Amino acid sequence: MTTSSLDRPTGARKPLAELTGLVPLAATTACPDPQHVFRRLRAEHGPVAPVELEPGVHAWLVMGYQEILTVTRQEQVYSCDPNDWSAHHDGSLPADSLLRPMMSPYDNAFFVNGERHRRLRAPIAGGMAEIDQRAMRRAVAALCTDVIGAFAGRGEADLVADYAAIVPVLAIADRFGLNTVESHELQAGLAAMFAWGADALAAREKVMKILADVVAARRATPSRDLTTYLVEHPNLRGDAEIYDTMVLTLVAANENTMSCIAQTLRLMLTDERFAGRLRGGRLGVDDALDEVLWRDPPMTNAPARYALRDTELAGQPVRRGDAMILGLTAANADPRIHASGEPWREVGNRAHLSWGAGPHACPAQIPARLIVRTAVETALHLLPGVRLAIPVEELVAVPSPWGRTPQSIPVRFTPVRHRDSEPL
Ligand code: HEM
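The name recorded for the protein chain in an unreviewed UniProt entry is Cytochrome P450, from Plantactinospora endophytica.

Right, dumping it as structure tokens:
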């Protein structure tokens, strides 16, 4: 560990409520180099900085590696339940706030603490551990081949909308035991639900019907899939908890895995170091994925924990009800934890925080890696001569305070017919 001016911040150490003129959290995502912003925040405030989530809504951005471990591991001090956030009670959160989807209470493992969390999480973690990785890889390669088949003849595509946004839900739907038609209906339904358009409610009903049908079918005739595992799990009490668990799994899988596929493809298509991949170059998809997880993980800033009592973190006066945002990208580059600025170059170093940490850390790390790796490999393999169709500087991120997922990745390649091709 090294000490530096980072340990001697210059900013005033006041409670969040007394601070004004704070840096918006979105400034850390809507910029070409987030580390530049994190360096400025660290220099002024140290590893925990006050930020503005929306006008008048403040939070602490936790940028220190050690501090993230403290916040995620100390459940008795930091809660996952948004009911513990003062903004829900003091009128500071507008009714139409865009923060609500990620920072409002829902009845699933992600938003609860302690015993209830352990009870609801066990079926997900257990279901992930049951996955036959070889079978899943074959299934994911086949569905990726199928998705590519829909655009391979065009010679051009958007690898986000046409590919990365579709594959994760299909991969999880396959684990739930849905057939291809049902999987595509589920994917379209979830996409409409989260676009929050006029058809969002109808889409939600459709999604719930697909899930209810497969639950009823597995109750009648058990199979060897994730739905059967959840239906038979003693921890889940009634159908509502089963549906909530399925929706959480789909939602948690969708955005994060889509972002990781997109970022890994972007890196491999734009960085010279990966150009030799198909000619037997040393750096491959695993290396690119590790680099993405260190440098540009899906959750630049992950919501959230809420202080259960007044406390202090890295010298900052945290008050009961304050929101703590997990600055995962910042913490992965915490200058106090590695002397070399590029930890992904250390072979096998996967000590980043991009899966979160503590009892809520992502329970699906193995299947998530498998889906990303298979999706990227399959695209690079089946799209001959694939290359970016615009200059890399023109790739922009979806506007969000939480991540930096590319809005689109337009590519060109030699048109091919893949509908009938065998999976890898
Ligand atoms: C590369 C892709 C993924 C990344 C980077 C990722 C990352 C994360 C992160 C940062 C969290 C929050 C941890 C915290 O708050 O401490 C999380 C939670 C979660 N993830 Fe993932 N995830 C990915 C893919 C998936 C997939 C494919 C699934 C399901 C099949 C999944 C299921 C979940 C669930 C259920 C939770 C909530 C766990 C809990 O609260 O106990 N994730 N993930």
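Chemist: Break down the pattern of salt bridges for me, with residues and values.
Modeler: By the definition in use, this model includes 22 salt bridges. The closest approach of N and O atoms between Glu241 and Arg119, which form a salt bridge, is 2.8 Å. Remark: Arg119 occurs in helix H4 (residues 114-129) and Glu241 occurs in helix H11 (residues 239-270); sequence separation between them is 122 residues. Like Arg119, Glu241 is buried. Among the ionic pairs, Arg350 bridges to Asp290, the shortest N-O distance being 2.9 Å. Taken as a pair, Arg350 in the loop between helix H13 (328-332) and helix H14 (365-382) and Asp290 in helix H12 (residues 285-295) lie far apart in primary sequence, 60 residues in all. Relative accessible area serves as the criterion here: at 12%, Asp290 is assigned to the buried category. Taken together, the shared-partner salt bridges connect Asp286, Asp290, Arg350, Arg369 and Arg373 into one network.

Chemist: Hey, could you go over the packing of H11 against H12 for me, with residue numbers and the actual values?
Modeler: Contact pair H11 / H12: the axes reach a minimum separation of 9 Å and the direction vectors enclose 115°. Crossing angle aside, the handedness with which H11 passes H12 is right-handed. Contacts between H11 and H12 involve Cys260, Gln263, Thr264, Leu267 and Met268 from the first element and Val285, Ala288, Leu289, Glu291, Val292 and Leu293 from the second. Partitioned by chemical class, the residues of the contact of H11 with H12 number 8 nonpolar, 2 polar and 1 charged.

Chemist: Please set out the coordination of the iron atom of the ligand residue by residue, giving values where relevant.
Modeler: Exactly one protein atom donates to the iron atom of the ligand; that atom is Cys362 (SG), 2.4 Å from the metal. Structurally, Cys362 is set in the loop between H13 and H14.

Chemist: Please give an account of unusual backbone geometry that cites residues and values.
Modeler: For the peptide bond that leads from Pro303 to Ala304, omega is -25°, which places it in the cis range. Position of Ala304 relative to the elements: it lies in strand S5 (residues 302-307). Positioned with a positive phi, Ala314 is a non-glycine residue whose angle comes to about 50°. With respect to the secondary-structure elements, Ala314 resides in the loop between strand S6 (311-313) and strand S7 (316-318). We classify Ala314 as partly exposed; its relative accessible area is 28%.

Chemist: How would you sum up the sheet that holds strand S2 (residues 57-62)? Please name residues and give values.
Modeler: Within a sheet, each strand pairs with its neighbour through backbone hydrogen bonds, oriented either parallel or antiparallel. Taken in spatial order, the 5 strands make up an open sheet running S1-S2-S8-S5-S3, and their pairing is mixed. Two strands lie at the open edges of the sheet, namely strand S1 (48-54) and strand S3 (78-79), each paired on one side alone. Of the strands in this sheet, S1 and S2 are in contact with helix H1 (residues 34-45), which crosses S1 at around 125°. Of the strands in this sheet, S1, S2, S3, S5 and strand S8 (323-326) are in contact with helix H2 (residues 65-73), which crosses S8 at around 125°.

Chemist: Residue-level account of the sheet that holds strand S9 (residues 387-388), with values.
Modeler: An order of S4-S10-S9 is seen for the 3 strands of this open sheet, with the pairing classed as antiparallel. One side of each edge strand has no neighbouring strand; the edge strands of this open sheet are strand S4 (156-158) and S9. Pairing between S9 and strand S10 (residues 410-412): 2 bridges, direction antiparallel. Considered in S10, the bridge of Leu388 is made with Val411.

Chemist: Quick one: what's the story with the pairing of S2, residue by residue and with numbers?
Modeler: Counting buried residues along S2, 6 of its 6 residues qualify, which places the element largely inside the surrounding structure. Residues Val57, Ala59 and Leu61 point to one face of S2 and His58, Trp60 and Val62 to the other, with burial holding for every one of them. Relative to S2, S1 is paired through 6 bridges, and the arrangement is antiparallel. Residue pairing across strands places Glu52 opposite His58, the latter belonging to S2. Where S2 and S8 come together, 3 bridges link them in parallel fashion. The residue bridging Leu61 from the neighbouring strand is Ile325, located in S8.

Chemist: Quick one: what's the story with the nonpolar core, residue by residue and with numbers?
Modeler: One finds Phe151, Leu159, Tyr163, Leu186 and Val411 to be the most contacted residues of the largest nonpolar core, which totals 82 residues. Broken down by element, this core gets its largest block of residues, 15 residues, from H11. Among the nonpolar cores identified, the runner-up in size contains 24 residues, and Val57, Leu61, Leu93 and Met103 belong to it.

Chemist: Please set out the packing of H12 against H14 residue by residue, giving values where relevant.
Modeler: Any two packed helices are characterised by how steeply their axes cross, that is the angle between the axes, and by the distance between the axes. Closest axis-to-axis distance for the H12/H14 pair is 10 Å, and the angle between their directions is 125°. On the basis of the axis angle, H12 is oblique to H14. Relative to H14, the crossing made by H12 is right-handed. Counted together, Val285, Asp286, Leu289, Asp290 and Leu293 of H12 and Arg369, Val372, Arg373, Val376, Glu377 and Leu380 of H14 form the full contact between these two elements. Taken together, the residues of the contact of H12 with H14 break down into 6 nonpolar, no polar and 5 charged.

Chemist: Can you explain the side chain of Thr249? Please cite residues and give values.
Modeler: Note that Thr249 resides in helix H11. What makes Thr249 buried here is its relative accessible area of 10%. Within polar-contact distance, the side chain of Thr249 engages the backbone oxygen of Thr245 at 2.7 Å.

Chemist: Before we move on, can you summarise the site of the ligand with the specific residues and values?
Modeler: By nearness alone, 25 residues border the ligand, and His117, Arg121, Arg305, His360 and Cys362 come closest of all. The separation between an oxygen atom of the ligand and a polar side-chain atom of His117 is 2.7 Å. Between the ligand and His360, the relevant distance is 2.7 Å, taken from an oxygen atom to a side-chain nitrogen or oxygen of the residue. Those elements that place two or more of their residues in the shell around the ligand are H4 and H11. If one sorts the elements of the shell around the ligand by residue count, H11 sits on top with 6 residues. In terms of residue class, the shell around the ligand is made up of 16 nonpolar, 7 polar and 2 charged.

What counts as what
Residues numbered from 1 in each chain as written. Predicted model: local features only at pLDDT ≥ 70, side-chain atom pairs only at ≥ 80, totals over all residues. Heavy atoms only, no water. Salt bridge = Lys/Arg side-chain N within 4 Å of Asp/Glu carboxyl O. Helix = DSSP H or I, 4+ residues; strand = E, 2+ residues; numbered from the N terminus. Buried < 20%, exposed > 50% of the residue type's maximum accessible area, 1.4 Å probe, protein only. Axes fitted to C-alpha atoms, helices over the stretch in contact; angles between N-to-C directions. Left-handed = near helix turned anticlockwise from the far one by under 90°. Contact = heavy atoms within 4.5 Å. Nonpolar A, V, L, I, M, F, W, Y, C, P; charged D, E, K, R; others polar. Donors = N, O, S within 2.8 Å, 3.2 Å for Na, K, Ca; no water. Pairing = 2+ DSSP bridges. Core = buried A, V, L, I, M, F, W, Y, C linked by side-chain atoms within 4.5 Å. Parallel < 35°, antiparallel > 145°, perpendicular 65-115°, else oblique. Polar contact = N/O pair within 3.5 Å; in protein donor to acceptor, adjacent residues only side chain to side chain. Near = heavy atom within 4 Å.

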